[in-house]
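Examining the three-dimensional arrangement
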Amino acid sequence: MPLVWRVLILLAAFVAMVGFAVALSKVTLAPSAASESLVHSNLRPGDSIRAYLAQPAIQDTLKQLGGNIVLGMPFGVLLPALVPRTRGLLRVMAATALVMLLVELVQGALVQGRAFDIDDVILNTTGAMLGYLILGRRIGLAVHPRRRHWWQRPALSSSRRRS
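Residues numbered from 1 in each chain as written. Predicted model: local features only at pLDDT ≥ 70, side-chain atom pairs only at ≥ 80, totals over all residues. Heavy atoms only, no water.

Notes on the packing of helix 2 (residues 47-54) against helix 3 (residues 58-82)
- Between helix 2 and helix 3, the least distance of the axes is 8 Å, while the angle of their chain directions is 150°. Accordingly, the angle class assigned to the pair helix 2 and helix 3 is roughly antiparallel. Contacts between helix 2 and helix 3 pair Ile49, Tyr52 and Leu53 from the former with Thr61, Gln64 and Leu65 from the latter. (Axes fitted to C-alpha atoms, helices over the stretch in contact; angles between N-to-C directions. Helix = DSSP H or I, 4+ residues; strand = E, 2+ residues; numbered from the N terminus. Parallel < 35°, antiparallel > 145°, perpendicular 65-115°, else oblique. Contact = heavy atoms within 4.5 Å.)

In structure tokens:
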């Protein structure tokens, strides 16, 4: 891919990541005084997911589960383009889990009407993995093509070394 296109894609990914960070902060770190009495922390993986699935209204279940998964997808798409060292499913998963864990900790400790929920971290990380598998891997490779390591490069033949 020509350098100009790679730079444009990288710039677009950076702008999108900044936009995503702003949207993430507005969605997750906005105080919610109305729901303060309903808030409870969840440190047991799967508890909130089971509660969402047990709701009678499928719309609420899809909103909670799908919303958290969709919220993590931009990480999986944009992170490999912006930071080549995060390319790879496990690296995207670890980076997203760390960022989302920090968001949840801040949300639970500092934001009124919000609580820490480990299931949100799990669902956001799942979304990032899906985003990586659907589009992020291709974008990351387009912007940062793989380079062969010195041990993978073909050895020079003796006749080529002399000239």
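Things to note about helix 4 (residues 89-110)
- Compared with the 32 Å implied by 1.5 Å per residue over 22 residues, the 31 Å span of helix 4 between its first and last C-alpha is a close match.
- Within helix 4, the full set of buried residues consists of Val92, Thr96, Met100, Val103, Glu104 and Gln107. On an axial view of helix 4, the arc spanned by its buried residues comes to 100°, and they lie on one face. Within helix 4, the exposed residues directed more than 90 degrees away from the buried face are Leu90, Arg91, Leu98, Ala109 and Leu110.
- In this structure, the buried residues of helix 4 make contact with helix 1 (3-28), helix 3 and helix 5 (118-143). (Expected span 1.5 Å × (residues − 1). Buried < 20%, exposed > 50% of the residue type's maximum accessible area, 1.4 Å probe, protein only. Arc of directions from axis to C-beta.)

A look at the side chain of Thr96
- With respect to the helices and strands, Thr96 occurs in helix 4.
- A polar atom in the side chain of Thr96 sits 2.8 Å from the backbone oxygen of Val92.
- In contact with Thr96, not counting residues within four places along its chain, are Phe75, Asn124, Thr125 and Ala128. (Polar contact = N/O pair within 3.5 Å; in protein donor to acceptor, adjacent residues only side chain to side chain.)

As for the pattern of salt bridges
- The full count for this structure, using the stated rule, is two salt bridges.
- Linking Asp47 and Arg44 is a salt bridge whose minimum nitrogen-to-oxygen distance equals 3.8 Å.
- Measuring nitrogen to oxygen at the nearest pair gives 2.7 Å for the salt bridge that ties Arg50 to Asp47. Within this pair, Arg50 and its partner Asp47 are both found in helix 2, separated by three residues, close to a single helical turn.
- Note on Asp47: relative accessible area 26%, which makes it partly exposed. (Salt bridge = Lys/Arg side-chain N within 4 Å of Asp/Glu carboxyl O.)

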